[in-house]
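Given next are the chains, with one letter for each unit.
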Amino acid sequence: MLRGIRGAITVADNNKDEIFTAAQSLISNMLSSNDLSLDNVGAIIFTSTNDLNAAFPTAGLRKMSADFNLVPLFDAQETFVEGSLPMCIRALILADIDKKLDEIHHIYLGNAQKLRPDLVR
């Protein structure tokens, strides 16, 4: 069954290495926490706040493993909203997963835990 798995992470600085490391950590956690392999992933969508423009998060995944070249990856910039959490990368994994909605583990790391405290485990 197609399910969406959400996640977010914050970074301290707008630099390529930190964005790559954050994207890799976030997706690794999202996949492992939900017992997913890339064979089950239909697509991964990233958004970044407008203060993060040093690199695309998807480039960090491709650098992590050539297997990510087979998965559709997409980057977008979030709409700026006054008072929103800065320096934040959000991800949505669309995957074929045999779990009920309440069994999916959404991952929020760093200051992004403030976004959805109801989903932080």
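Residues numbered from 1 in each chain as written. Predicted model: local features only at pLDDT ≥ 70, side-chain atom pairs only at ≥ 80, totals over all residues. Heavy atoms only, no water.

**Student:** Any chance you could explain the overall build of the chain here in plain terms?
**Tutor:** A tally of regular secondary structure across the chain gives two helices and five strands. Along the chain direction, N to C, the helices and strands of the chain fall in the order β-α-β-α-β-β-β. Expected size for 121 residues packed as a compact globule is a radius of gyration near 14 Å; at 14 Å, the chain falls within 12% of this value. For the chain, the share of sequence-separated contacts (at least 6 apart) that also reach a separation of at least 24 residues comes to 82%. Summing over all exposed atoms, the chain offers an accessible surface of approximately 6,700 Å²; the carbon and sulfur share of this is 52%. For the chain, the distance from the average site of its 11 positive side-chain charges to the average site of its 15 negative ones is 3 Å. (Helix = DSSP H or I, 4+ residues; strand = E, 2+ residues; numbered from the N terminus. Rg over C-alpha atoms; globule rule 2.2 N^0.38 Å. Contact = heavy atoms within 4.5 Å. Areas by Shrake-Rupley, 256 points an atom, 1.4 Å probe, with all protein chains shown as cover. Lys, Arg positive; Asp, Glu negative; His and termini not counted. Charge placed at Lys NZ, Arg CZ, Asp CG, Glu CD.)

**Student:** Explanation requested: unusual backbone geometry in the structure shown.
**Tutor:** In terms of backbone geometry, most residues other than glycine have negative phi values and most peptide bonds are trans. For Asp35, which is not a glycine, the phi torsion comes out positive at approximately 55°. Within the element layout of this structure, Asp35 appears in the loop between α1 (16–33) and β2 (41–48). Its relative accessible area of 67% is what places Asp35 among the exposed residues. Look at Met87: it is not a glycine, yet its phi comes out positive at around 55°. Examined against the element boundaries, Met87 turns out to sit in the loop between β3 (73–77) and β4 (88–96). (Buried < 20%, exposed > 50% of the residue type's maximum accessible area, 1.4 Å probe, protein only.)

**Student:** Teacher, can you tell me more about the pattern of salt bridges here?
**Tutor:** Where charged atoms from two side chains of opposite charge approach closely, those side chains can pair. Considering all chains together, one arrives at one salt bridge under this definition. One salt bridge in this structure joins Glu78 and Arg90, with 2.3 Å as the shortest N-O distance. One end of the pair, Glu78, is in the loop between β3 and β4; the other, Arg90, is in strand β4, with 12 residues separating them in the sequence. We classify Glu78 as buried; its relative accessible area is 17%. You can call Arg90 partly exposed: its relative accessible area is 24%. (Salt bridge = Lys/Arg side-chain N within 4 Å of Asp/Glu carboxyl O.)

Purely geometric stuff here, so don't read any function into it on its own.
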